[in-house]
Amino acid sequence: QVQLVESGGGLVQPGGSLSLSCKASGSIHHIYDMGWYRQGPEQQRVAVAHISSSDASGLAPSVKGRFTISRDDAKKTVYLQMASLKPEDTAVYYCYASIVETSRTHAVDYWGKGVLVTVSS
């Protein structure tokens, strides 16, 4: 059974930095796209960043220049480095990955349970 587990959330002051990690585990044959969404208080879940298996990446305009996404395929892990954090970055951050399990021939999207990032003084 495939699982995604996020780590690295917490409380940070405005202007600070924080790094998130998300590790996939299970019977994985291949991982295509990986990325991050976030959901702020009383807001819808929105895309933050994504990265393909060829390392092509994209960032939401609201985080461009402040956040960086990367992945380590050997570790089946995607990272989100966040800098110059603002109070409006406060949200639960969810990672996702498009994964082909060893028992399947097509990819399925999996989600982590989310990790809380709070930006406050």
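The present account deals with the structure reproduced in this document. (Residues numbered from 1 in each chain as written. Predicted model: local features only at pLDDT ≥ 70, side-chain atom pairs only at ≥ 80, totals over all residues. Heavy atoms only, no water.)

## A short note on the pattern of salt bridges
Keep this limit in mind: In what follows, salt bridge is the name for a side-chain nitrogen of Lys or Arg lying within 4 Å of a carboxyl oxygen of Asp or Glu. Each helix is a run of H or I in the DSSP string that is no shorter than four residues. Each strand is a run of E no shorter than two, and both are numbered from the N terminus. Classification of residues uses two cut-offs on accessible area relative to the type maximum, computed with a 1.4 Å probe and protein chains only: under 20% is buried, over 50% is exposed, and between them is partly exposed.
Under the defined criterion, the tally for this structure stands at four salt bridges. Ionic pairing is found between aspartate 89 and arginine 38, a salt bridge with its closest N-O pair at 2.9 Å. Of this pair, aspartate 89 sits in the loop between β8 (77-82) and β9 (91-101) while arginine 38 is found in strand β4 (residues 28-39), placing the two residues 51 residues apart along the sequence. Assigned by exposure class, aspartate 89 and arginine 38 land together as buried.

## Some details on the sheet that holds strand β7 (residues 67-72)
What counts, and what does not: In this analysis, strands are considered paired if DSSP registers two or more bridges between them. Interaxial angles span 0 to 180 degrees and are taken between N-to-C directions of axes, which are lines fitted to C-alpha atoms, for helices over the stretch in contact.
If you trace the four strands from one edge of the open sheet to the other, you get β1-β3-β8-β7, paired in antiparallel fashion. The outermost strands of the open sheet, each flanked by one partner alone, are β1 (3-7) and β7. Averaged over all adjacent pairs, the angle separating strand axes in this sheet is 15 degrees, with direction ignored. As paired strands, β1 and strand β3 (residues 18-25) are joined by five bridges and run antiparallel to one another. Looking at the pairing, glutamine 3 lines up with serine 25 of β3.

## Digging into the packing of aromatic side chains
Rules: Note on aromatic contacts: the rings of Phe and Tyr and the six-membered ring of Trp form a pair at centre separations within 6.5 Å, being stacked when their planes are under 30 degrees apart, edge-to-face when over 60 apart, and tilted otherwise.
Taken as a whole and assessed by the stated rule, the structure comprises three aromatic pairs. Plain terms: the ring middles of tyrosine 37 and tryptophan 111 are 5.1 Å apart, the flat faces sit at 70 degrees to each other, and that makes the pair edge-to-face. Of this pair, tyrosine 37 sits in strand β4 while tryptophan 111 sits in strand β10 (residues 108-111), and the two are 74 residues apart along the sequence. What links up through ring pairs into an aromatic cluster is the set Tyr37, Tyr96 and Trp111.

## As for the pairing of β4
When β4 meets β9, the two strands line up antiparallel, connected through nine bridges. Across the sheet, residue isoleucine 28 finds its bridge partner in β9, namely glutamate 101. One ladder, built from five bridges, connects β4 with strand β5 (residues 46-51); its direction is antiparallel. Within β5, the position partnered with tryptophan 36 by the bridge is alanine 49. Hairpin remark: β4 followed by β5, antiparallel, with six residues in the connecting loop; positive phi at glutamate 42, about 55 degrees.

## Observations concerning the environment of serine 98
Heads up, the condition is: Residues count as neighbours in contact if any of their non-hydrogen atoms are within 4.5 Å of one another.
Note that serine 98 resides in strand β9. A residue is classified by how much of its surface remains accessible, and serine 98, at 14% relative accessible area, is buried. Taking the C-alpha atoms as reference points, serine 98 and tryptophan 111, 13 residues apart in sequence, are found 9.1 Å from one another. Discounting chain neighbours no more than four positions away, the residues touching serine 98 are His30, Ile31, Tyr32, Asp33, Ala107, Val108 and Asp109.

## Notes on the state of the cysteines
Here, the word disulfide means a covalent bond between the sulfur atoms of two cysteines. In plain terms, the rule: Any cysteine sulfur atom paired with another within 2.5 Å is treated as part of a disulfide.
The final tally for this structure, using the stated rule, is one disulfide. Here cysteine 22 connects covalently by a disulfide to cysteine 95, the sulfurs 1.9 Å from one another. Taken as a pair, cysteine 22 in strand β3 and cysteine 95 in strand β9 lie far apart in primary sequence, 73 residues in all. Taken as a pair, cysteine 22 and cysteine 95 share a single burial class, namely buried.

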